Amino acid sequence: MKHSNPVLRHLCEYGMITLGCAIYALSFNWFFAPNNISMGGFTGVAQIINRFLPALPVGVTSIALNVPLFAVGVRKQGVGMLISSLYAMSVGSLLIDALASIHTFQPMDPLLSSVYGGVLLGTSMGLMLTVGATTGGTELLARLLKYKIRNLSIGRLCLVIDVIVICLYAFTFRNVNNALYGIIAMYISSLAMDTVVYGSLNAKMAYIISAESGRVANCLLEMNLGVTLLSGKGGFSGDEKQVVLCAFKRSQFAAIKAAVTGLDPRAFIIVCEAHEVLGEGFGEYTPDSL
């Protein structure tokens with residue numbers, strides 16, 4: 001969601017953050033709080049504090065806990081991150097308390113709460129991360145750890161932190177079953193978050209072995225696809241071959257298959273998942289990349 005006009009760009013970004021905050025508050029009040037299922041992170045810590053000090057609302061307590069973490073985040077990511085994340089944290093926390101004050105959701109089957117709560121929570125976090133914001137807590141801590149631990153996705157980092165908090169939650173509330181449901185919810189949340197954050201970067205990669213490799217390569221180039229020719233050798237025949245390597249988006253797969261088999265019905269096509277593709281037509285690397 002990129003706009004050349006900076007005003008429109010910021011409106012879109014903050015609209016996305018607000019939407020994420022609304023989904024976040026809804027998931028907490030509808031699925032997590034009524035069933036005493038911990039969300040993990042600083043919201044989960046706030047739930048534990050609220051257990052012993054009921055006068056401290058979960059939303060306000062969550063804001064107070066995030067202050068030191070934001071101080072570190074500003075040094076790493078600048079004031080822009082501070083402003084957008086403060087907005088997300090404040091709106092998300094206030095919406096939690098506002099929604100709780102106007103409507104009380106009834107408990108439901110804890111497994112349903114874990115599944116649907118996890119999907120909504122991960123979606124909300126992913127939406128905010130795509131525009132460089134977090135509600136603080138787990139997401140901000142995972143975002144900062146990502147600078148040091150590059151081999152783990154943002155969702156998996158959040159999962160590790162959340163599981164630690166959920167274990168503390170289980171000890172506090174003496175309810176192992178609800179803690180186990182919380183781990184299910186956080187695992188689903190991590191998958192949903194990674195899908196939102198990395199989904200647009202996912203692509204497929206094809207190795208095409210054909211006697212008509214030159215024509216296949218030209219055809220793919222006409223489809224505005226990047227092509228690389230690799231030197232190969234048939235294991236059985238010993239013949240020299242050219243292997244066409246091509247990265248493409250999922251929506252282009254059917255057209256590529258039709259084009260290649262139309263030129264060479266006997267073409268050998270190997271299609272693989274590509275977790276992330278950087279370069280023209282795909283994503284771009286930046287030091288702040290998730």
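The structure under discussion appears in the preceding block.
Novice: Tell me about the sheet that holds strand β4 (residues 268–274), residues and numbers included.
Specialist: Within the open sheet, the four strands sit side by side as β2-β3-β1-β4. Their pairing is antiparallel. Since the sheet does not close on itself, it has two edges, and those belong to β2 (227–233) and β4, each with one partner. Put simply, the sheet's adjacent strands are angled 25° from each other on average, direction ignored. Seen against the sheet, helix α8 (residues 213–222) touches β1 (203–209), β2 and β3 (240–248) and runs at an angle of roughly 15° to β3.

Novice: Before we move on, could you go through the pairing of β2 and cite the residues and values that matter?
Specialist: For β2 and β3, the ladder comprises seven bridges, and the chain directions are antiparallel. By the bridge assignment for β3, Leu229 is matched with Val244. Between β2 and β3, which pair antiparallel one after the other, the connecting turn spans six residues, and Gly238 there sits at a positive phi close to 80°.

Novice: Can you tell me about unusual backbone geometry, naming the residues and giving the values?
Specialist: Negative phi values dominate among residues other than glycine, just as trans dominates among peptide bonds. In this structure, Asn224 is a non-glycine residue whose phi angle is positive, near 60°. You can see Asn224 is positioned in the loop between α8 and β2.

Novice: So, the pattern of salt bridges: which residues are in play, and what are the values?
Specialist: Under the definition given, this model contains one salt bridge. For Glu212, the salt bridge is made with Arg215, and the minimal N-O distance between the two is 3.6 Å. Assessed through its relative accessible area of 46%, Arg215 is described here as partly exposed.

Novice: So what's going on with the packing of helix α4 (residues 110–130) against helix α7 (residues 176–198)? Residues and values would help.
Specialist: One can describe the packing of α4 onto α7 by two numbers: an axis separation of 7 Å at closest approach and a directional angle of 35°. Crossing angle aside, the handedness with which α4 passes α7 is right-handed. Among the residues forming the contact of α4 with α7, the class breakdown is 17 nonpolar, seven polar and no charged.

Novice: Now, about the environment of Ala274: what can you tell me, with residues and values included?
Specialist: Secondary-structure assignment places Ala274 in strand β4. Taking relative accessible area as the criterion, Ala274 reaches 12% and is therefore assigned buried. In this structure, the C-alpha to C-alpha distance between Ala274 and Val74, residues 200 residues apart in sequence, is 33 Å.

Novice: An account of the side chain of Asn29 is requested, with residue identities and associated values reported.
Specialist: When you line up the elements, Asn29 lands in helix α1 (residues 6–32). Of note is the side chain of Asn29, whose polar atom sits 3.2 Å from the backbone oxygen of Ile96. Non-local contacts of Asn29, meaning those with residues more than four positions away in its chain, are made with Pro34, Leu95, Ile96, Leu99, Ala100 and Phe105.

Novice: Now, about a nonpolar patch on the surface: what can you tell me, with residues and values included?
Specialist: Together, Leu111, Leu112, Val115, Tyr116, Val119 and Ile184 make up an exposed nonpolar region whose accessible area comes to about 480 Å². Examining the composition of the nonpolar patch, we find that five residues originate from one element, α4, more than from any other. Topologically, Val115 is positioned in helix α4.

Novice: Just give me the short version of the packing of aromatic side chains, but keep the residues and values in it.
Specialist: The final tally for this structure, using the stated rule, is four aromatic pairs. Measuring from centroid to centroid gives 4.5 Å for Trp30 and Phe31, while their planes differ by 20°, and the two rings are stacked. Residue classification places Trp30 among the partly exposed positions, given a relative accessible area of 32%. Among the aromatic residues, those joined into a ring-pair cluster are Trp30, Phe31 and Phe105.

Novice: Residue-level account of helix α2 (residues 41–52), with values.
Specialist: Think of an α-helix as turning once every 3.6 residues; residues three or four places apart then point the same way. Between its first and last C-alpha, α2 extends 18 Å over twelve residues, near the 16 Å set by a 1.5 Å rise per residue. Among the residues of α2, those classed as buried are Gly41, Thr43, Gly44, Ala46, Gln47 and Ile48. Where α2 is buried, its residues contact α1, α3 (58–102), α5 (137–145) and α6 (154–173).

Reading guide: rules and limits
Residues numbered from 1 in each chain as written. Predicted model: local features only at pLDDT ≥ 70, side-chain atom pairs only at ≥ 80, totals over all residues. Heavy atoms only, no water. Pairing = 2+ DSSP bridges. Helix = DSSP H or I, 4+ residues; strand = E, 2+ residues; numbered from the N terminus. Axes fitted to C-alpha atoms, helices over the stretch in contact; angles between N-to-C directions. Contact = heavy atoms within 4.5 Å. Salt bridge = Lys/Arg side-chain N within 4 Å of Asp/Glu carboxyl O. Buried < 20%, exposed > 50% of the residue type's maximum accessible area, 1.4 Å probe, protein only. Left-handed = near helix turned anticlockwise from the far one by under 90°. Nonpolar A, V, L, I, M, F, W, Y, C, P; charged D, E, K, R; others polar. Polar contact = N/O pair within 3.5 Å; in protein donor to acceptor, adjacent residues only side chain to side chain. Patch = residues over 30% accessible without salt bridge, like charges linked within 9 Å, V, L, I, M, F, W, Y side chains within 5 Å. Areas by Shrake-Rupley, 256 points an atom, 1.4 Å probe, with all protein chains shown as cover. Phe/Tyr/Trp six-rings, centres within 6.5 Å; stacked < 30°, edge-to-face > 60°. Expected span 1.5 Å × (residues − 1).

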